[in-house]
Protein chains: 2
Amino acid sequence: MTEAAPSAPSPRRRDRAATRAALLEAARLRFSRQGFDGTGVREIAADAGVDAALVFRYFGSKEKLYAEAVHVEIPQGLTDGPPRPLTRVTDELLYDVVFGDWEKFDGEHPLLVMLRSAHRPAVRDQLRDRLCDGYLRDFAERLGGGDAALRAELIGALLLGMGVMRSVVGSPALTEATFDETRLLVARLVRTLTEPRADGVG
Amino acid sequence: MTEAAPSAPSPRRRDRAATRAALLEAARLRFSRQGFDGTGVREIAADAGVDAALVFRYFGSKEKLYAEAVHVEIPQGLTDGPPRPLTRVTDELLYDVVFGDWEKFDGEHPLLVMLRSAHRPAVRDQLRDRLCDGYLRDFAERLGGGDAALRAELIGALLLGMGVMRSVVGSPALTEATFDETRLLVARLVRTLTEPRADGVG
DNA sequence: CGATGAAGTCAACGATTGATGACTTATGCT
DNA sequence: AGCATAAGTCATCAATCGTTGACTTCATCG
């Protein structure tokens, strides 16, 4: 530090990239907490410590800011790469979606955040795309059988529902349960959908 | 009909109860489609064919209108009454939450509708209350065992997640699947959580 | 030091928001 | 018919919304 800490709250050196990043971070938090409609651009800009006009200079519109701030990055090598046992994959997914802290998104997985603004067509489309084509497609291919796609979506529904119960609803048992407790139960459920039935089906 | 159809679009006879009901119905649809923040009171009033001021005359505020329009009625005799097999109960719950049409709520179960505005504390509290105390409590009591509450919430998560996948996300397989197809899979999953494990657990 | 361009601020726009109170109109009773 | 009351409308308020363009301030280079 070449100069002493200024008495005034740091006026922050002018830096386009840093300001853009600060806006993105503030937007992520606000959109996560309050949804798209419940968040104003002035609110976001105030959190970032700049004027609201910069939102439109850097992102064009509130919609484009949302699209860039809230998006789902599918973890590399989760479904592609060398095949691993499916319960192993769902283990990681369980930790990712349900038990991950996701502090950048106010504690929720971006999928759950997008759920909150899913009535907007753009959000809904991205949500379906990431979930079905990103996560569940390889699931279905690996499962095999006639209703593979359906069973894959049931696994997705379980994990998504658990995330909702934990972070959105705040149900007591799932909120206080440890990862290992739940992991065993989920593994049993996944195995039920994976293994062919021992007894006659219909 | 004592009089012929009027040429002008029916001016609707002045009727407090009917107008209140029309406002409630319009509010339910709009709030379901667009969430609390994305819906304006003028929009609702226009759908009902009256002035927006009546919203405040009849309900006091937009919040109170939402509270009265969107709420979860727990079906009578679902969990209470004479005990039935749990897969039977989840069958009805599956039909209710995931496959019911709920035309009054634009096709979604009110639980899923409330999910869309769950960032508001009032909505979130009602959601947790209805889900945990209304649906899942008797589930947990009936399940028994150490982690009964957790397993009950897993069933709730599955059903809730399926509802989300079907109506909010619009995932293909679950959307096109019939009730009977899914019912068997869900029954298998519930049985997995219900029956004690045959092999050693830990 | 002085100029140049970018980074950031400011003021304002038109539209819309939830909400209020005064006003008008229709309905029902006598 | 005429009056009283409730049902419904209208105008409007103060705030806030997303968005824009002109303006100011800072950093950098010659």
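Residues numbered from 1 in each chain as written. Chains lettered and ligands numbered in written order. Predicted model: local features only at pLDDT ≥ 70, side-chain atom pairs only at ≥ 80, totals over all residues. Heavy atoms only, no water.

1. Quick notes on the interface of chain B and chain A
Spelled out, the test is: Throughout, a contact is declared for two residues whenever any of their heavy atoms are within 4.5 Å. Two parts placed together each lose some accessible area; with a 1.4 Å probe, that loss summed over both constitutes the buried area. Whenever Lys or Arg places a side-chain nitrogen within 4 Å of a carboxyl oxygen from Asp or Glu, that contact is recorded as a salt bridge. By the criterion applied in these results, polar contacts are pairs of N or O atoms within 3.5 Å in which, for protein atoms, one can donate a hydrogen and the other can accept it, and in which residues neighboring in sequence qualify only through two side-chain atoms. The helix count covers DSSP runs of H or I at least four residues long, the strand count covers runs of E at least two residues long, and both are numbered beginning at the N terminus.
At the junction of the two partners, chain B supplies 46 residues and chain A supplies 46 residues. For the pairing of chain B and chain A, the buried interface totals around 4000 Å² over both sides, and the portion due to carbon and sulfur atoms is 72%. Connecting chain B to chain A are zero salt bridges. Here chain B is connected to chain A by 14 residue pairs in polar contact (both at pLDDT 80 or more). Looking at the side of chain B that touches chain A, the elements with two or more residues in it are α1 (16-34), α7 (121-143), α8 (148-169), α9 (172-176) and α10 (179-194) of chain B.

2. Here we look at helix α7 (residues 121-143) of chain A
Residues and elements named next belong to chain A. Rules: Helices are assigned an expected span. That span is 1.5 Å times one less than the residue count. A residue's bend is the angle separating two fitted axes: one through the seven residues that end there, the other through the seven that start there. Throughout, exposure labels follow a simple rule: accessible area from a 1.4 Å probe, protein chains only, divided by the maximum for the residue type, with under 20% read as buried, over 50% as exposed, and the rest as partly exposed.
With 23 residues, α7 extends 30 Å between its outermost C-alpha atoms, agreeing within 8% with the 33 Å of an ideal straight helix rising 1.5 Å per residue. Where α7 bends most, at L136, the angle is about 50°. Residues of α7 that are buried include every one of V123, L127, L131, C132, G134, Y135, L136, F139, A140 and L143, and no others. Phi turns positive, to about 75°, at G144, one or two residues after α7.

3. Looking at the environment of L111 of chain B
All names here are of chain B. Here L111 shows up in helix α6 (residues 110-115). It is 23 Å that separates the C-alpha atoms of L111 and R142, two residues lying 31 residues apart in sequence. Those residues within four positions of L111 in sequence are excluded, and the remaining contacts are V72, L127, L131, Y135 and L160.

4. Quick notes on the protein's contact with DNA strand C
We count it as follows: If even one non-hydrogen atom of a residue comes within 4 Å of a molecule or strand, that residue is called near it.
Residues in close proximity to DNA strand C total 21 residues, the closest being T19, D51 and Y58 of chain A together with R14 and K62 of chain B. Backbone atoms, meaning sugar and phosphate, make up 59% of the atoms of DNA strand C lying within 4 Å of the protein. At 3.2 Å, a side-chain N or O of R42 of chain A approaches a base nitrogen of DNA strand C. One of the side-chain N or O atoms of Y58 of chain A is found 2.6 Å from a phosphate oxygen in DNA strand C.

5. Quick look at the side chain of T192 of chain A
Mapped onto the elements, T192 of chain A comes out in helix α10 (residues 179-194). Non-local contacts of T192 of chain A, meaning those with residues more than four positions away in its chain, are made with R188, L189 and T192 of chain B.

6. Observations concerning the protein's contact with DNA strand D
Quick note on the threshold: Amino acids outside the nonpolar list (Ala, Val, Leu, Ile, Met, Phe, Trp, Tyr, Cys, Pro) and the charged list (Asp, Glu, Lys, Arg) are all regarded as polar, and Gly is one of them.
Close to DNA strand D lie 21 residues, the nearest being R14 and K62 of chain A together with T19, D51 and Y58 of chain B. Sugar and phosphate atoms form 58% of the subset of DNA strand D atoms that lie within 4 Å of the protein. Residue D15 of chain B places a main-chain N or O atom 3.5 Å away from a phosphate oxygen belonging to DNA strand D. When contributions to the surface near DNA strand D are tallied by element, the ones reaching two or more residues are α2 (41-48) and α3 (53-59) of chain A together with α1 and α3 (53-59) of chain B. A per-element tally of the surface near DNA strand D places α3 of chain B first, with four residues. Class assignment for the residues of the surface near DNA strand D results in seven nonpolar, four polar and 10 charged.

Just distances and angles here, no functional claims.
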